[in-house]
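Summary of the model geometry
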Amino acid sequence: MNFLEERILKDGIVKEGNVLKVDSFLNHQMDVELFNQMGEEFKRRFKGRNINKILTIEASGIGIACVAAIHFGVPVVFAKKSKSINIDGDMYIADVESFTHKCKNQVIVSKKFIGENDHVLLIDDFLANGCALQGLISIVNQAGGTVEGIGIAIEKGFQSGGQIIRNLGYHLESLAIVDSMNAETGEIEFRKQ
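Rules used throughout
- Residue indices begin from 1 for each chain and proceed along its sequence in written order.
- Only residues with pLDDT of 70 or above have their local features reported here, since the model is predicted, and side-chain atom pairs are shown and tallied only from 80 upward, although totals for entire chains, interfaces and linings are computed over all residues.
- With hydrogens and water set aside, each side-chain value is computed from the structure's full complement of heavy atoms.
- Going along the chain from the N terminus, every DSSP run of H or I of four or more residues is numbered as a helix, and every run of E of two or more is numbered as a strand.
- It is over C-alpha atoms that the radius of gyration is taken, and the globule rule equals 2.2 Å times the number of residues to the power 0.38.
- The buried label goes to any residue with under 20% of its type's maximum accessible area, the exposed label to any with over 50%, and the partly exposed label to all in between, with areas taken from a 1.4 Å probe on protein chains only.
- We call two residues contacting when some pair of their heavy atoms lies within 4.5 Å.
- Each accessible area is a Shrake-Rupley result for a 1.4 Å probe, and residues are judged covered by the shown protein chains and nothing else.
- Asp and Glu count as negative and Lys and Arg as positive, but His and the ends of the chain are not part of the count.
- For the purpose of locating charges, the reference atoms are NZ of Lys, CZ of Arg, CG of Asp and CD of Glu.
- For two strands to pair, DSSP has to find at least two bridges joining them.
- Axis definition: a line fitted to C-alpha atoms, limited for helices to the stretch in contact. Angles are taken between N-to-C directions and run from 0 to 180 degrees.
- Definition of nonpolar core: a set of buried residues of the types Ala, Val, Leu, Ile, Met, Phe, Trp, Tyr and Cys, connected through side-chain atoms within 4.5 Å.

Further remarks concern the overall build of the chain. Within the chain one finds five helices and 10 strands. Taking 193 residues into account, the globule formula puts the C-alpha radius of gyration at 16 Å, and the chain, at 16 Å, falls close to it. Oriented by its inertia axes, the alpha-carbon framework of the chain measures out at about 50 × 35 × 30 Å. Taking all 193 residues of the chain together, 47% fall into the buried category. Nonlocal contacts in the chain, meaning residues at least 24 apart in sequence, comprise 61% of its contacts between residues at least 6 apart. Accessible surface for the chain amounts to roughly 9,600 Å². Of this, 47% is attributable to carbon and sulfur atoms. Taking the average place of the 21 positive charges on the side chains of the chain and the average place of its 25 negative ones, the gap between the two points comes to 3 Å.

Quick look at the structure:
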């Protein structure tokens, strides 16, 4: 069992509807030392990849991506879920559906931050159905860049997202893959990696 699986067992809460609540350390209150361990592990798993940029999606992926970026020595770009007045110029736009929020959003990245010479590592907190990742992949593809890999903190292995992304041929590394969870008992079973 790895450090993230141990933390999920210690502080994660299983809720009805296949929800794993990890807000005490991952996506509301953030344990930065845990993020540092995650960044080190992503660096190890993507060793030798030519990565010059990390791309994530607001909001929960930003903290993990920023700490990981320190280990890679690269900047972070995050896709915004709504257009604001301070985003100007041409933009890449992709449609994504959120498992957590049960809604569709357009995500936006300014064309000045991702281009054809970029070798991008995608990072996010959760992978469920894969829609957010497919949106980020679309943005990198629109830019003519290369997706060098995808780093996920927690993958819900019982949902289709991981298999879809792997079937597309991407190098996907999830630090913890939950194969099953039971809201009644609180039990969580992880995939052996």
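With that settled, consider the environment of Phe46. You can see Phe46 is positioned in the loop between helix H2 (32-45) and strand E3 (53-57). With a relative accessible area of 1%, Phe46 lands in the buried category. Taking the C-alpha atoms as reference points, Phe46 and Leu121, 75 residues apart in sequence, are found 8.8 Å from one another. When neighbours within four sequence positions are excluded, Phe46 is seen to be in contact with Ile51, Phe72, Leu121, Gly149, Ile150, Gly151, His171 and Glu173.

Our focus in this paragraph is the sheet that holds E3. Ordered by their spatial adjacency, six strands build an open sheet running E4-E3-E7-E8-E9-E10, and the pairing between neighbours is mixed. Two strands in the sheet have a free side with no partner beyond their single neighbour: strand E4 (76-79) and strand E10 (188-190). The average angle at which neighbouring strand axes cross in this sheet is 25°, direction not considered. Pairing analysis gives four bridges linking E3 to E4, with the strands arranged parallel. Bridge assignment links Thr56 to a residue of E4, and that residue is Phe78. Strands in contact with H2 are strand E7 (119-127), strand E8 (146-156) and strand E9 (172-181); relative to E9, the strand with the most contacts, it is inclined by about 115°.

With 32 residues, the main nonpolar core has Leu20, Leu26 and Ile154 as its most contacted residues. Contributing elements (two or more residues each) for this core: helix H1 (3-11), H2, helix H3 (60-72), E7, E8, E9 and E10. When residues in this core are grouped by element, the largest group, six residues, is from H3. When sequence neighbours within four positions are dropped, the list of residues in contact with Leu26 reads Phe35, Met38, Ile64, Asp125, Phe126, Ala153 and Ile154. The next biggest cluster of nonpolar side chains, apart from the first, holds 24 residues, and it includes Tyr92, Ala94, Val107 and Ile152.

Function-wise, these values are silent; they only describe arrangement.
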